[in-house]
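One-letter residues, chain by chain:
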Amino acid sequence: MDLFDLMLEENRKDSAPLAERMKPRTVDEFTGQHHIMGSGRLLRRLIETDKLTSLILHGPPGSGKTSLARVIANQTGAVFESMNAVTSGVKELREVIGRAEDRLAMNGKRTILFIDEIHRFNKTQQDALLPSVEKGIVIMIGATTENPYYEVNSALISRSNVFRLNALSPEDVLDIVDSALADMERGLGVLNVILDNEAREALGRLASGDARRALNAVELAAMTSAPDSDGKIVINVESLYESMQHSGQLYDKTGDSHYDIISAFIKSMRGSDPDAVLHYLARMIVGGEDPIFIARRIIICASEDVGNADPMALVVAASALKAVETIGMPEGRIPLAQAATYIACAPKSNAAYLGIDEAIEDIRQGRSGSVPAYLKDGTALKLESGKNDVLGGGRYVYPHDHRQHYFKQEYLPEALRGKKYYVMDGQGREAEFEAWLEQIRDFEDGTE
């Protein structure tokens, strides 16, 4: 690094955002992620004993993935090289690996290669990286907001320790902010900035576990507020709200958050909790989820989890889809909320769903048999000719000619006689259906 590079680096540090300036430098400065970085935990032991292998860190934005990678580099004394999988190609990757080989050969100096958004590495890039990871030329630390077991090459996964980082707790976020407010060198200590109590409570909540978001909001509020008569910059909740613009709830329409929240939404409908249903519905709406996708999931839940315990559930859900297609958003939120809460409050039965799956499995396993002859197409014509026995299989009886429009006769193939697919347990309207079937099946031979 020449003089120009050194001056550029110093100027960059001075002009960098607060979140960048406050990145932790040591293990002790790192806040949060106690499940992997607490005293005696595996990752902390690997760092402290300098036994590090390649790592993949996955977790939501602002949880400390990049910060942790830099802490590891500082703590181990390794050279830190950084790449972004979106903007860096194979050429850049090979240049980094070449420098790492030279350091290792000349003075035994190790290189930590940090790859942000590693899930975006294509196969060619991953193939170029893999040999260097296997030989220990670089210690790779990959960061991703996605589930690496789905998004990262299995060969890289097998050669790495995978650690999940969670969204920071409100207490962790406020600890990081307090450090920034007190730090005279890198933080806002020289400005004498104070968060009032209401603003502190709101910040911990609105940051949604993202320390970067919290620090950026505090810095913007501080830079745009005038000191009071005592020379203090007091950040109140109004200026904080203005700086944050919106709540910052994490919702990635293509990532893990998408699947987690839609899963929670469906399970809340199934679990009959309309309040949780509206919460997760709101998170999807604010996050920009496709309302048609939401409506389709409500329809599935109406059949899968409510079924015939309340047949109107499917009608309401299908109507919500049509309504959203007709009126669009934001008004579409209203029929979506109506349908979702209807499903949550309705009695539940999955008897029809389980029944069709069992029937399909029987067919796939070859358990079917022949359709009874008197149920086959063309039977009615033969019956009209006066034959009482069609192909030796008995005759079809028209149920509407009998009491309660029912006549007891076999409909299942002979190989499946007596098989029960639709097993109701008395939920909602199914209790009426069950009673009705028991009543008519008691008719002797289905006759008058």
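Right above here is the structure, for reference.
Here's what I pulled together on the structure shown here. It should be emphasised that the depicted structure is a prediction, and the values quoted were computed from it without experimental measurement.

**Observations concerning the overall build of the protein chain**
Now for step 1: Looking only at helices and strands, the protein chain features 21 helices and seven strands.
Now for step 2: Across the 448 residues in the protein chain, those meeting the buried criterion constitute 42%.
Now for step 3: About 24,300 Å² of surface is accessible on the protein chain, with carbon and sulfur atoms providing 51% of the total.

**Concerning the packing of helix H15 (residues 274-286) against helix H18 (residues 333-345)**
Now for step 1: Between H15 and H18, whose axes approach to 9 Å, the crossing angle comes to 150°. On the basis of their axis angle, the class for H15 and H18 is roughly antiparallel. The handedness of the crossing between H15 and H18 is right-handed. Within the contact between the two elements, H15 uses Pro 274, Val 277, Leu 278, Leu 281 and Ile 285 and H18 uses Arg 333, Leu 336, Ala 337, Ala 340, Thr 341, Ala 344 and Cys 345.
Now for step 2: Residues that form the contact of H15 with H18 fall into these classes: ten nonpolar, one polar and one charged.

**A look at the packing of aromatic side chains**
Now for step 1: In total, this model carries one aromatic pair according to the counting rule given.
Now for step 2: The interplanar angle of 25° and the centroid separation of 6.0 Å between the aromatic rings of Phe 80 and Phe 114 together place this pair among those described as stacked. Here the residue Phe 80 occupies a position in strand S2 (residues 79-84), and Phe 114 occupies one in strand S3 (residues 111-116), the gap between them amounting to 34 residues.
Now for step 3: Given a relative accessible area of 21%, Phe 80 falls into the partly exposed group.
Now for step 4: Owing to a relative accessible area of 2%, Phe 114 belongs among the buried residues under this scheme.

**Structural notes on the side chain of His 119**
Now for step 1: Structurally, His 119 is set in the loop between S3 and helix H7 (123-135).
Now for step 2: Polar side-chain contacts of His 119 include one of 2.7 Å to the side chain of Thr 144.
Now for step 3: Excluding its chain neighbours within four sequence positions, the residues that come into contact with His 119 are Thr 144, Thr 145, Glu 146, Glu 151 and Val 152.

**Things to note about the nonpolar core**
Now for step 1: Counting 30 residues, the largest nonpolar core has Val 177, Leu 203, Leu 215, Ile 235 and Leu 240 as its most contacted members.
Now for step 2: For this core, the secondary-structure elements that each account for two or more residues are helix H2 (18-21), helix H10 (170-182), strand S6 (193-195), helix H11 (197-206), helix H12 (211-223), strand S7 (233-235) and helix H13 (237-244).
Now for step 3: The dominant element in this core, judged by the number of residues it contributes, is H12, at seven residues.
Now for step 4: Excluding its chain neighbours within four sequence positions, the residues that come into contact with Leu 240 are Ala 199, Ala 202, Leu 203, Ala 217 and Ile 235.
Now for step 5: Core analysis: the next-biggest nonpolar cluster, separate from the first, contains 28 residues, Ile 299, Ala 320, Leu 321 and Ala 339 among them.

**With respect to the sheet that holds S2**
Now for step 1: Taken in spatial order, the five strands make up an open sheet running S2-S3-S4-S1-S5, and their pairing is parallel. Each of the sheet's edge strands pairs with one partner strand only, and the pair in question is S2 and strand S5 (161-164). Recorded for the sheet is a direction-independent mean angle of 20° between the axes of neighbouring strands.
Now for step 2: As paired strands, S2 and S3 are joined by six bridges and run parallel to one another. Bridging from a neighbouring strand, Asn 84 pairs with Asp 116 of S3.
Now for step 3: Of the strands in this sheet, strand S1 (55-58), S2, S3 and strand S4 (139-144) are in contact with helix H5 (residues 65-76), which crosses S3 at around 175°.

**What to know about the pairing of S3**
Now for step 1: The buried count for S3 comes to five of six residues, which makes it a mostly enclosed element.
Now for step 2: Read as a crossover between parallel neighbours, the route from S2 over helix H6 (residues 90-107) to S3 is right-handed.
Now for step 3: What joins S3 to S4 is H7, and the crossover it makes is right-handed.

**With respect to a nonpolar patch on the surface**
Now for step 1: A cluster of nonpolar side chains, contributed by Tyr 353, Leu 354, Ile 356 and Ile 360, occupies part of the molecular surface with about 340 Å² of accessible area.
Now for step 2: Residue classification places Ile 360 among the partly exposed residues on the basis of a relative accessible area of 35%.

**Remarks on the packing of H11 against H13**
Now for step 1: Where H11 meets H13, the axes come as close as 8 Å, and the angle between the chain directions of the two elements is 25°. Classified by the interaxial angle, the pair formed by H11 and H13 is roughly parallel. On H13, the residues that touch Glu 198, Ala 199, Ala 202, Leu 203, Arg 205 and Leu 206 of H11 are Val 237, Leu 240, Tyr 241 and Met 244.
Now for step 2: Partitioning the contact of H11 with H13 into residue classes produces eight nonpolar, no polar and two charged.

**Regarding H12**
Now for step 1: For H12, with 13 residues, the first-to-last C-alpha span of 18 Å sits near the 18 Å given by 1.5 Å per residue.
Now for step 2: Along H12, the residues that are buried comprise Ala 211, Arg 213, Ala 214, Leu 215, Ala 217, Val 218, Glu 219, Ala 221 and Ala 222.
Now for step 3: In this structure, the buried residues of H12 make contact with H2, H10, S6, H11, S7 and H13.
Now for step 4: At the N-terminal boundary of H12, the capping side chain belongs to Asp 210, with an oxygen 3.0 Å from the backbone nitrogen of Arg 212.

About the cut-offs
- Residues numbered from 1 in each chain as written.
- Predicted model: local features only at pLDDT ≥ 70, side-chain atom pairs only at ≥ 80, totals over all residues.
- Heavy atoms only, no water.
- Helix = DSSP H or I, 4+ residues; strand = E, 2+ residues; numbered from the N terminus.
- Buried < 20%, exposed > 50% of the residue type's maximum accessible area, 1.4 Å probe, protein only.
- Areas by Shrake-Rupley, 256 points an atom, 1.4 Å probe, with all protein chains shown as cover.
- Axes fitted to C-alpha atoms, helices over the stretch in contact; angles between N-to-C directions.
- Parallel < 35°, antiparallel > 145°, perpendicular 65-115°, else oblique.
- Left-handed = near helix turned anticlockwise from the far one by under 90°.
- Contact = heavy atoms within 4.5 Å.
- Nonpolar A, V, L, I, M, F, W, Y, C, P; charged D, E, K, R; others polar.
- Phe/Tyr/Trp six-rings, centres within 6.5 Å; stacked < 30°, edge-to-face > 60°.
- Polar contact = N/O pair within 3.5 Å; in protein donor to acceptor, adjacent residues only side chain to side chain.
- Core = buried A, V, L, I, M, F, W, Y, C linked by side-chain atoms within 4.5 Å.
- Pairing = 2+ DSSP bridges.
- Right-handed = clockwise from strand over helix to strand, strands pointing away.
- Patch = residues over 30% accessible without salt bridge, like charges linked within 9 Å, V, L, I, M, F, W, Y side chains within 5 Å.
- Salt bridge = Lys/Arg side-chain N within 4 Å of Asp/Glu carboxyl O.
- Expected span 1.5 Å × (residues − 1).

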